[in-house]
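# Survey of secondary and tertiary structure
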Amino acid sequence: MHHFFLKSYYFFQRKKLLLFSAILIFVAGVGFLASKVQLEEDVTGLIPSGKNQDVLKRILSETEFSDKIVVTISSEKEQPQKLTAYADRFIDSVNSKMPDFIENIEGKVPEESIKEIYNFVYQNLPFFLDKEDYARIDEKLSDSAISKQIEEDYRSIISPTGIVTKNFIFQDPLSLAPIGLEKLRELQIGDNYLLYNDYLLTKDKKHLLLFITPTLPASETNKNNRFVDQLQQLQQQLNSEYQGVEGDFFGGVLYSLANANQIKKDVQITISIAISILLILLIFFYRKIYVPLILFIPGIIAAITAIAILYIFKGSISAISIGIGSILLGITLDYGLHILTHYRNNHNIEKLYQEVTTPVLMSSFTTAMAFLCLLFVNSEALNDLGIFAALSVVFAAFLALLLIPVLYGKRISETQKITFLDKFAGVRFFKIKPLFYGVIGLFVLGLLFFSKVEFNNDLSKINFQPEAIKKAEQKIQNIANSSGKTLYLVSYGKTIDEALQENSKVYQEVKSISEREELNSYSSIGGLVLSTQSQNNKIQQWKDFWNERDTLKIKNKILAESSKYGFKSESFKDFYNLLQKDFNNLQLDDYQNTTNLYLNDFISISEDFATVTTTVNLGEFASEEFTSQFDNLDSTLIIDRERINESFLGNLKNDFNSLIGISILAVFLILLISYRNLEISLLTLLPIGITWVIALGIMGALEIEFNILNIIISTFIFGLGLDYSIFITNACLKEYQTGKSELKTYQTSILISVITTLLGIGALIFAKHPALQSVSTVSIIGVISAVLVAFVIQVWLFNMLFINRRKKGLPPFRFSKIESFIRNKIYYKQDLYYRDAVLDNYRYKPVYSDVKALFAEKKEPYLRVSHFIEKGECVFFFYSGNGVFPIYLSYINPNSSITGYEISEDIDIAKNCFRSKHELLNFTIEIENAKTCSTFVIPNHDLKELEAIKRVIKAYGKKVIVLNKDFKTQWLLDANFEITYRQSGILVFEQK
């Protein structure tokens, strides 16, 4: 693959204008498509799919549980007149100065509204009565009860308040409507309130409550900031005007704003400092001011390209996934860092592509595969993140290889200054004993503590909660006497009638529990807004009740008693008509058109989905015991903070547990395909497992919990750890193959990656926002664990299993060796070809497959040649390539001195085979070393130094073995050699 990028480099090096034009056109095209993508900002996209979860998403998207702003106007002593005056000023000011921000203000109930509500209940009285209410009405129909009630009506009319009450009395002389009006009390939580000057006050008259419904959702932080600022200014102004009275307000929007503002502030401060330090570091290290710019180009273009592709196939993408995915710039930046560091240290473009193409592409594909495993999580937002991340890292790797060497410029003739970082990266850290045993100790600690890491479902723990807002919330809870847990029981259906039927069951159960248990309060429309079926039952119940009674006798009794006080016979005609009225079912619009019922707080209706909400404050009642009473209701969902979080995150945590296993399997398959070797794949993956154990162990020991944010960021750490592991593997394999250590270059690029990551995400540890601190803490632990394991454990393992064994003349570690040793008690089975012995010299090297194929093809000729070599002979093999033939001869003729000669770089591979440590096997690049030998082997090879070969053989040769059938041998005959063997393409010449 590196040949493609090398050719591209040479092509675009000559035609840079074409490259820049192509980049601009490409970016313009994908940028246009990306700009059209629809961002879905709904946080419920994180909720895993499932029956209950899908219903929860729908409910949360269409029901407002915490959008209202509660305004409290309080005084230390009882002064209700001052409270209501403050409230009048407040409402007038808000309506005049902030009309664009408010939908309505609740809390003021004028007299006209009370009359309207009374008339509505009176005209539809059957719908507000239940079985117990009819028992109370029946008591009111006795002769003595009627006499007493008419007397009370008369006294009320002649009292000072009669001007207000007389119309009610004429309509309802037996005072039946107040029985129905009691159902309206169930629309508000608690009974600790009274009406004073049309306002809702607590019974001690020290607190007045108002409720503002904002027009904007909490996510509109910029506009809501202006709204809240204006509210605060108005609050401060009125507090100063009304001495002894203090206004305050609280709502979910305040927490949203506090979180958004704190995140913005933290990110601006920490990231600006981090970027400044990072820019200085990169410019200092690479000695070019534009290096930071070209490092970010591939990642930015890749991200835009990924969004464009998602637009083509989906049309939309979760904004949450884009936000989290922006952290991927850290991974995509790594690819450029690796490329630049290798180019800086090697100054050779061909060598650059040979060294970095494979590890960069492997890193990108394994990381992409890990992110694609997010598709197995039943969460739309995380599915989008997986696709976006996978596409981004693959495109970033490809673009980094294609663009960065061209943009960086030629540096072949330049000499780099050795920096402290270079010196530090050259250290073999596993040789530092305290560090080595320290990492081992961390691993042991991890084994003890990794299972102790908890997953925190409570989203409030990662929210920023300023003390002032918490105090305002606590103040409102104290006023409302709602210190207990508040639950929302949401009944749902395809139509509002279905939802109301289900809500009726909820209402009856809640009412029953309230009668026998100490619930703080409940708020429901179950006794007010009824389904069609329930209304029909109520109408029939009304008819049955009055049909069983003598309404004419009741009417005459009222007329007789009222005439004593001067009432006219037609005074109560409205009441008589009510008894004979033929009631029709109410529609939802009939309820909603009645002022101050505020049913929209309880009901939500969309095209094919409707909900009705009942609110319960449990007080001291056990939550589990309460919720268990509703297990038999299929179309009701109970929601509180804990249950919402469990529905949000419970299955998500389980999905991530499965995701870890799937990711490891997927990455292992990619490594196996890339390395085509089980041992190397496992040794590359093993550090990731060790890193996770150490990181989780540290988290467990320090009692750091996972949450929704940092568990997602852990996929980013997984990707970084993979990068480090793959690059260390390639560095060690390169040293094992050639004997030349490139570890310094690889460790330098990894160290720069670590520094950039810690400066970026790690800097957020200084943030005040708990979510940012959480993400940063896990990132720091993960990155440091990953680099320690890569530099210490992984390098140590490769040295112990491969490099040190080669130096001792031993074969590298492999699993089959263990099996062979157990079975045969010896490493190699002695046979004619020593196949395993020869191939083990090339195992784990890129040339292994070529050597294996060559040996399979040439093993018969090799064996025949070995028969012509006597014990103790000195053999010189021209153009030995990777050294396969000389190594084989060394095994089968162990007492003969074998020397392989080669002029290409293949001799580095031959010299670094473990068999080359044998005292009678040597490899050389000097043809003059042939003078110590008398037997020469000429392979089937293009002889570039034929004259030198002839000279050496004529001077020192006693025996010549020729494997090249096209080789002209007349000069050997002229040099007094004769043919002693000719068969199967082998010619043996011996001196006469």
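This one's a predicted model, so the numbers in the text were calculated from it and none came from an experiment.

### Here's the deal with the overall build of the protein
Counting secondary structure elements, the protein contains 37 helices and 20 strands. Burial status across the protein gives 53% buried among its 992 residues. Pairs at least 24 residues apart make up 78% of the contacts formed inside the protein by residues separated by at least 6 positions. With an accessible surface of roughly 45200 Å², the protein has 54% of that area assigned to carbon and sulfur atoms.

### A word on the packing of helix H33 (residues 848-866) against helix H34 (residues 884-892)
Packed helix pairs are specified by the crossing angle of their axes together with the interaxial distance, meaning the distance between the axes. Here H33 crosses H34 at 50°, and the two axes come no closer than 10 Å. When the axes of H33 and H34 are compared, the pair comes out oblique. In the crossing of H33 with H34, the sense of the turn from one axis to the other is right-handed. When H33 is examined against H34, the residues Val-851, Leu-854, Phe-855, Tyr-862, Leu-863, Val-865 and Ser-866 are found in contact with a partner set consisting of Val-884, Phe-885, Tyr-888, Leu-889 and Ile-892. The residue inventory of the contact of H33 with H34, partitioned by class, reads 11 nonpolar, 1 polar and no charged.

### A closer look at the packing of helix H28 (residues 708-738) against helix H29 (residues 743-760)
Interhelical geometry of H28 versus H29 gives an angle of 165° and a closest axis separation of 9 Å. In terms of orientation, H28 lies roughly antiparallel with respect to H29. The element H28 and its partner H29 pack so that their crossing is left-handed. Residues Phe-716, Leu-720, Tyr-724, Phe-727, Ile-728, Asn-730, Ala-731 and Lys-734 of H28 form the contact with H29, whose participating residues are Leu-743, Tyr-746, Gln-747, Ile-750, Ser-753, Val-754 and Thr-757. When the residues that make up the contact of H28 with H29 are grouped by side-chain class, the tally is 10 nonpolar, 4 polar and 1 charged.

### Overview of the pattern of salt bridges
Using the criterion set out here, one finds 19 salt bridges in the structure. The partner of Glu-241 in a salt bridge is Arg-89, with the nearest N and O atoms 2.7 Å apart. Within this pair, whereas Glu-241 is found in helix H10 (residues 221-241), its partner Arg-89 is found in helix H4 (residues 80-97), the two being separated by 152 residues in sequence. Exposure remark for Arg-89: the relative accessible area of 30% places this residue in the partly exposed category. Note that Arg-814 and Asp-836 form a salt bridge whose closest N and O atoms lie 3.9 Å from each other.

### A closer look at unusual backbone geometry
A positive phi angle, close to 75°, is found at Tyr-844, a residue other than glycine. For Tyr-844, the location among the structural elements is in the loop between helix H32 (835-840) and H33. Taking relative accessible area as the criterion, Tyr-844 reaches 6% and is therefore assigned buried. Its identity as a non-glycine residue notwithstanding, Ser-984 has a phi of 55°, on the positive side. What makes Ser-984 partly exposed here is its relative accessible area of 48%.

### As for the sheet that holds strand S17 (residues 935-938)
If you trace the 7 strands from one edge of the open sheet to the other, you get S16-S15-S14-S17-S18-S20-S19, paired in mixed fashion. The open sheet has two edge strands, strand S16 (921-924) and strand S19 (977-983), and neither has a second partner. Across the sheet, the mean angle from the axis of one strand to that of its neighbour is 20°, orientation sign disregarded. Taken together, the 6 bridges between S19 and strand S20 (residues 986-991) define a ladder with antiparallel strand orientation. If you follow Arg-982 over to S20, its bridge partner there is Leu-987. Sheet strands touched by helix H36 (residues 946-956): S17, strand S18 (959-962) and S19. Its angle to S17, the strand with the most contacts, is close to 155°.

### Quick look at the packing of aromatic side chains
Evaluation of the coordinates by the stated rule reveals 40 aromatic pairs. Aromatic pair Trp-542 and Trp-546: ring centres 5.6 Å apart, planes at 65°, arrangement edge-to-face. Pair noted here: Trp-542 and Trp-546 are both in helix H21 (residues 532-547), with a separation of 4 residues, about one helical turn. With relative accessibility at 2%, the residue Trp-542 sits in the buried group.

### Remarks on the environment of Phe-4
Residue placement: Phe-4 occurs in helix H1 (residues 2-14). Residues Phe-4 and Thr-357, spaced 353 residues apart in sequence, show a C-alpha to C-alpha distance of 10.0 Å.

### Observations regarding the environment of Leu-407
Mapping Leu-407 onto the fold places it in helix H16 (residues 380-408). C-alpha of Leu-407 to C-alpha of Gln-13: the two residues are 394 residues apart in sequence and 9.1 Å apart in space. What Leu-407 contacts, discounting residues up to four positions off in sequence, is Phe-20, Tyr-290, Ile-294 and Ile-297.

### Side note on the side chain of Glu-902
By the element assignment, Glu-902 lies in the loop between strand S15 (897-901) and helix H35 (906-911). At 3.2 Å, the side chain of Glu-902 forms a polar contact with the backbone nitrogen of Ser-904. Ignoring anything within four residues of it in the chain, the contact list for Glu-902 reads Tyr-879, Ser-880, Gly-881, Ile-907, Thr-924 and Ile-925.

### Focus: H28
Helix length check: H28, at 31 residues, gives a terminal C-alpha distance of 46 Å against a target of 45 Å (1.5 Å per residue), a fit within 8%. Counting buried residues in H28 gives 29 out of 31 residues, a clear majority hidden from the surface. In the stretch just after H28, Gly-739 is the one whose phi turns positive, near 85°.

### Some thoughts on the pairing of S20
Pairing geometry for S18 and S20, over 4 bridges, is antiparallel. By the bridge assignment for S20, Val-962 is matched with Leu-987. Linking two consecutive strands that pair antiparallel, namely S19 and S20, is a turn of 2 residues; a positive phi of about 55° is found at Ser-984 within it.

### With respect to a nonpolar patch on the surface
A grouping of Leu-665, Leu-669, Leu-672, Leu-678, Leu-682 and Phe-815 is seen on the molecular surface, where their side chains present a nonpolar patch of about 490 Å² in accessible area. Those elements giving two or more residues to the nonpolar patch turn out to be helix H26 (641-675) and helix H27 (678-701). Counting residues per element, the nonpolar patch draws most heavily on H26, which supplies 3 residues. Among the residues examined, Leu-672 registers a relative accessible area of 30% and is labelled partly exposed.

### Some words on helix H6 (residues 131-140)
Each turn of an α-helix holds 3.6 residues, which means side chains three or four residues apart point in the same direction. Within the span of H6, buried status applies to Asp-133, Tyr-134 and Ile-137. End-on view of H6: buried residues confined to an arc of 100°, all on one side of the axis. The outward face of H6, more than 90 degrees from its buried face, is lined by the exposed residues Lys-131, Glu-132 and Glu-139. Looking at the buried side of H6, the elements it contacts are helix H9 (177-181) and H21.

### Examining the confidence of the model for the protein
Overall, the prediction assigns the protein a mean pLDDT of 80, with 85% of residues at 70 or greater. Confidence drops under a pLDDT of 50 for residues 821-829, and excluding neighbours within four residues, the segment shows 13 contacts in the predicted structure.

### Side note on the environment of Leu-231
Its location among the elements puts Leu-231 in helix H10. For the pair formed by Leu-231 and Lys-97, sequence separation is 134 residues and the distance between their alpha carbons is 9.8 Å. When neighbours within four sequence positions are excluded, Leu-231 is seen to be in contact with Ile-69, Phe-90, Val-94, Met-98, Ile-212 and Phe-249.

What counts, and at which threshold
- Starting from 1, residues in each chain are numbered consecutively following that chain's sequence as written.
- Local features in this predicted model are restricted to residues whose pLDDT is 70 or higher, and side-chain atom pairs enter the listing and the counts only when it is 80 or higher, whereas totals over whole chains, interfaces and linings include all residues.
- Side-chain descriptors were evaluated using all non-hydrogen atoms of the structure, hydrogens and water having been removed beforehand.
- Only runs of H or I of at least four residues qualify as helices and only runs of E of at least two qualify as strands under DSSP, and these elements are numbered from the N terminus.
- For each residue, the accessible area found with a 1.4 Å probe, counting protein chains only, is set against the maximum for its type, and the residue is called buried under 20%, exposed over 50%, and partly exposed in between.
- Should any heavy atoms of two residues lie within 4.5 Å, those residues are counted as being in contact.
- Here the open area of atoms and residues is found with the Shrake-Rupley method and a 1.4 Å probe, where only the protein chains shown may cover a residue.
- Axis lines are fitted to C-alpha atoms, over the contacting stretch for helices. Their N-to-C directions set the angle, which ranges from 0 to 180 degrees.
- Any angle from 65 to 115 degrees is called roughly perpendicular, while one under 35 is roughly parallel, one over 145 is roughly antiparallel, and all others are oblique.
- Left-handed describes a crossing whose near helix is turned anticlockwise from the far helix by less than a right angle; the clockwise case is right-handed.
- All amino acids are sorted into three groups, where Ala, Val, Leu, Ile, Met, Phe, Trp, Tyr, Cys and Pro are nonpolar, Asp, Glu, Lys and Arg are charged, and the leftover types, Gly among them, are polar.
- Put simply, a salt bridge is a Lys or Arg side-chain nitrogen that is within 4 Å of an Asp or Glu carboxyl oxygen.
- When DSSP finds at least two bridges between two strands, those strands are taken to pair.
- Two rings belonging to Phe, Tyr or Trp (six-membered ring only in the last case) form a pair when the distance between their centres is within 6.5 Å. Interplanar angles under 30 degrees mark stacking, angles over 60 mark edge-to-face geometry, and anything in between is tilted.
- For the purposes of these results, a polar contact is taken to be a pair of N or O atoms within 3.5 Å, where, inside protein, one atom must be able to donate a hydrogen and its partner to accept one; residues adjacent in sequence count only when each atom of the pair is a side-chain atom.
- To estimate the expected span of a helix, count its residues, drop one, and scale the result by 1.5 Å.
- Exposure above 30% relative accessible area and the absence of a salt bridge qualify a residue for a patch, where like charges join within 9 Å and nonpolar side chains (Val, Leu, Ile, Met, Phe, Trp, Tyr) within 5 Å.
- Note that the arc is defined by the directions from the helix axis to the C-beta atoms.
- One confidence number per residue, pLDDT, is output by the predictor and ranges from 0 to 100.

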